[in-house]
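Fold and geometry: a report
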Amino acid sequence: MMKNRVGFLMLLICSLIFGQQTTFKFDFGGNRVENGFIPITPTSKFDKKIGYGFMDVSGLQAVDRGGNSLTGDFITSNKPFYFSVAIPEGNYDITLNLGDTKGTSETTVRVENRRLMLSDVKTKQGEIVEKQISVHVKDSIIRNQNGEKIGIVKLKPRETKYLHWDNLLTIEFNDKAPKVCSVIIQPNTTAKTIYLTGDSTVVDAQYEPWASWGQMLPYFFVLNKVVIANYAESGETLKAFEDRHRIDKIWNRIKPGDYLFIQFGHNDQKAGNSTKSGYRKRLTAWIHKAKQLGAVPVLVTSMNRRVFDENNKIVNTLDDFPDAMREISKEENVSLIDLNALSKKLFEAMGPEAAKKAFVYYPANSYPNQPNALADDTHFNPYGAYELAKCVVKSIVDQNLPLKKYVSKSYTTFDPNTPDAADKFHWPESIFMESLKPDGN
């Protein structure tokens, strides 16, 4: 134990001399610690001075089964628990040992703002499994090649509470019996990064019951090969995305071979804009800039709202924005994911009433501080977001886009005309809940 602590102190000294530490090995459990690993116990509350720990230690429990010092013990809880590490922005591979050498376990892993990584990982009696996820960590600073600050993303007040702008990597362990033996974090400098831009239907939503397809997308990719970097934010238009320097942050980081997904329309329309009042010009400029930087632009048409006519057919409420994007994709010879068309099939297959199960429709008092019923025909709950993410992946696969080779086994053939059953969707809720509607409509 003393040898391990001395080793960790040396790591800290090195990080102070050479810059912020980017590689960590954490042994979760009790007093027995694997050589070269940092001990994490149920009392390891986050401390800014050492740069890691649990957000809340209440309810945490260490269980030691004996045997191997790394996998013979674990930390668990009867409620979701969150482990944070101060780490520089970038892409990271995280290796997790999950399970119980004398029992079973069931764990769902999400990161940052409820970004889905692993769903319902079950281990058999006595089984330990090793799982790897890849995460993009970001901050709001725009830097030059020397690391000097040259700008900043103008965050909205509500974003200051988000877990993805806080200069930390936060991992959420959830489900019926989460049992975590170890966490290893290493930089990943080779994976392709998919940068997501868009509005509240794309953003990594922090609070239940809101969700978007962007935060479900990582689940469907081979994560050490592809990393999803979600820069979308509620209420944004193409112009606002520029004005707040969100796109500048992406231009500053995107590399040749990376991807830029672009989905805007809902708020551009709401702001009173037309496709002729800067939308086409900005969209085309982004495409040219991405190509200039060696990245691959991909256009995503905005999904439909839950608005049906008397024949139970979806009504287009997005004016000519989807058509404008379709036309630009042809003019500029870039790939198009027609989520507008796919969502029409999906929602019509569900029907007006069943489609409510995909949107934020909940009776009063379903969530804290929610005296009134929620009835939102634009924003999705986790089930609806998951189904839309499947539509996005389906388009990638069906069109045989280069990203197809990175789609994981988590995706199986999907037909929007036959949606997954809502009551079979697995989503243990996080501790973060809010009835306040996101910006945008």
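In this report, we go over the structure that sits alongside the text.

What counts and what doesn't
- Residues numbered from 1 in each chain as written.
- Predicted model: local features only at pLDDT ≥ 70, side-chain atom pairs only at ≥ 80, totals over all residues.
- Heavy atoms only, no water.
- Helix = DSSP H or I, 4+ residues; strand = E, 2+ residues; numbered from the N terminus.
- Buried < 20%, exposed > 50% of the residue type's maximum accessible area, 1.4 Å probe, protein only.
- Contact = heavy atoms within 4.5 Å.
- Areas by Shrake-Rupley, 256 points an atom, 1.4 Å probe, with all protein chains shown as cover.
- Lys, Arg positive; Asp, Glu negative; His and termini not counted.
- Charge placed at Lys NZ, Arg CZ, Asp CG, Glu CD.
- Salt bridge = Lys/Arg side-chain N within 4 Å of Asp/Glu carboxyl O.
- Pairing = 2+ DSSP bridges.
- Phe/Tyr/Trp six-rings, centres within 6.5 Å; stacked < 30°, edge-to-face > 60°.
- Lys NZ or Arg CZ within 6 Å of the ring centre and 35° of its normal.
- Axes fitted to C-alpha atoms, helices over the stretch in contact; angles between N-to-C directions.

**Points about the overall build of the chain**
A count of helical and extended segments in the chain gives 9 helices and 21 strands. When its C-alpha atoms are laid out on the principal axes, the chain stretches across 70 × 50 × 45 Å. The 441 residues of the chain split such that 57% are buried. Sequence-distant contacts in the chain: of pairs separated by 6 or more residues, those separated by 24 or more amount to 75%. Summed over its atoms, the accessible surface of the chain is roughly 18,400 Å², and 50% of this surface lies on carbon and sulfur atoms. Taking the average place of the 56 positive charges on the side chains of the chain and the average place of its 51 negative ones, the gap between the two points comes to 3 Å.

**Some thoughts on the pattern of salt bridges**
Under the defined criterion, the tally for this structure stands at 31 salt bridges. Measuring nitrogen to oxygen at the nearest pair gives 2.8 Å for the salt bridge that ties Arg 110 to Glu 172. In this pair, Arg 110 sits in strand E8 (residues 105-111) while Glu 172 sits in strand E13 (residues 168-177), placing the two residues 62 residues apart along the sequence. Glu 172 matches Arg 110 in its accessibility class, with the two residues each being buried. Where salt bridges share partners, they join Lys 156, Arg 158, Glu 159, Glu 236, Arg 244, Arg 246, Glu 434 and Asp 439 into one cluster.

**Side note on the pairing of strand E7 (residues 90-99)**
Remember that side chains alternate between the two faces of the sheet whenever the strand is regular. The buried fraction of E7 is high, at 10 of 10 residues. Side chains Gly 90, Tyr 92, Ile 94, Leu 96 and Leu 98 project from E7 onto one buried face, and the interleaved Asn 91, Asp 93, Thr 95, Asn 97 and Gly 99 project onto a second face that is buried too. Relative to strand E10 (residues 128-137), E7 is paired through 10 bridges, and the arrangement is antiparallel. Note on E10: the bridge partner recorded for Asp 93 is Ser 134. In terms of strand pairing, E7 meets strand E14 (residues 179-187) through 7 bridges, oriented antiparallel. By the bridge assignment, Tyr 92 is partnered in E14 with Pro 187.

**Regarding the packing of aromatic side chains**
Per the counting criterion, the structure on display carries 27 aromatic pairs. Each ring, one from Phe 26 and one from Tyr 52, has its centre 5.2 Å from the other, and the planes form 55 degrees; the classification is tilted. One end of the pair, Phe 26, is in strand E1 (residues 24-28); the other, Tyr 52, is in strand E3 (residues 52-54), with 26 residues separating them in the sequence. You'll find Phe 26 and Tyr 52 in the same group, each marked buried. Ring plane angle 50 degrees and centroid distance 5.0 Å describe the contact between Tyr 386 and Phe 425, whose orientation is recorded as tilted. Residue Tyr 386 is located in helix H9 (residues 382-398), and its partner Phe 425 is located in the segment after H9; the two are separated by 39 residues in the primary sequence. Accessibility expressed as a relative area gives 13% for Tyr 386, which makes it buried. Taking the ring centre of Trp 427 as reference, the NZ or CZ of Arg 110 above it sits at 3.9 Å.

**Re the side chain of Glu 233**
Within the secondary structure, Glu 233 is located in the loop between strand E16 (226-230) and helix H3 (238-243). Despite its burial, Glu 233 pairs with no opposite charge; the closest candidate is Arg 158, at 4.7 Å N-O. Setting aside chain neighbours within four positions, we find Glu 233 in contact with Lys 156, Arg 158, Glu 159, Tyr 162, Gly 198, Asp 199, Ser 200, Val 203 and Arg 246.

**A look at the sheet that holds strand E15 (residues 192-197)**
The 5 strands are arranged E16-E15-E17-E18-E19 in an open sheet whose pairing can be described as parallel. Edge positions in the open sheet fall to E16 and strand E19 (335-337), since each of these has one partner strand only. Strand-to-strand twist across the sheet, computed as the mean angle between neighbouring axes with direction ignored, equals 25 degrees. Examined bridge by bridge, E15 and E16 share 5 bridges and lie parallel to one another. Pairing of Lys 192 across the sheet is with Val 226, part of E16. Across the sheet, helix H6 (residues 275-292) touches E15, strand E17 (259-262) and strand E18 (296-300), and the angle it forms with E18 is around 150 degrees.

**Notes on helix H4 (residues 246-253)**
The α-helix winds at 3.6 residues per turn, so residues separated by three or four positions along the chain end up facing the same way. When we look at burial in H4, the residues that qualify are Arg 246, Ile 247, Lys 249, Ile 250 and Trp 251. The elements touched by buried residues of H4 are strand E11 (141-143), E15, H3, E17 and H6.

**A short note on the sheet that holds E8**
Across the sheet, 5 strands lie side by side as E3-E6-E13-E8-E9; this open sheet has antiparallel pairing. Two strands close off the open sheet at either side, each with one partner strand: E3 and strand E9 (115-123). Geometrically, the sheet is characterised by an average inter-axis angle of 15 degrees between neighbouring strands, direction not taken into account. Looking at chain direction, strand E6 (residues 81-86) and E13 are connected through 6 bridges and run antiparallel. Directly across from Phe 83, in E13, lies its bridge partner Ile 171.

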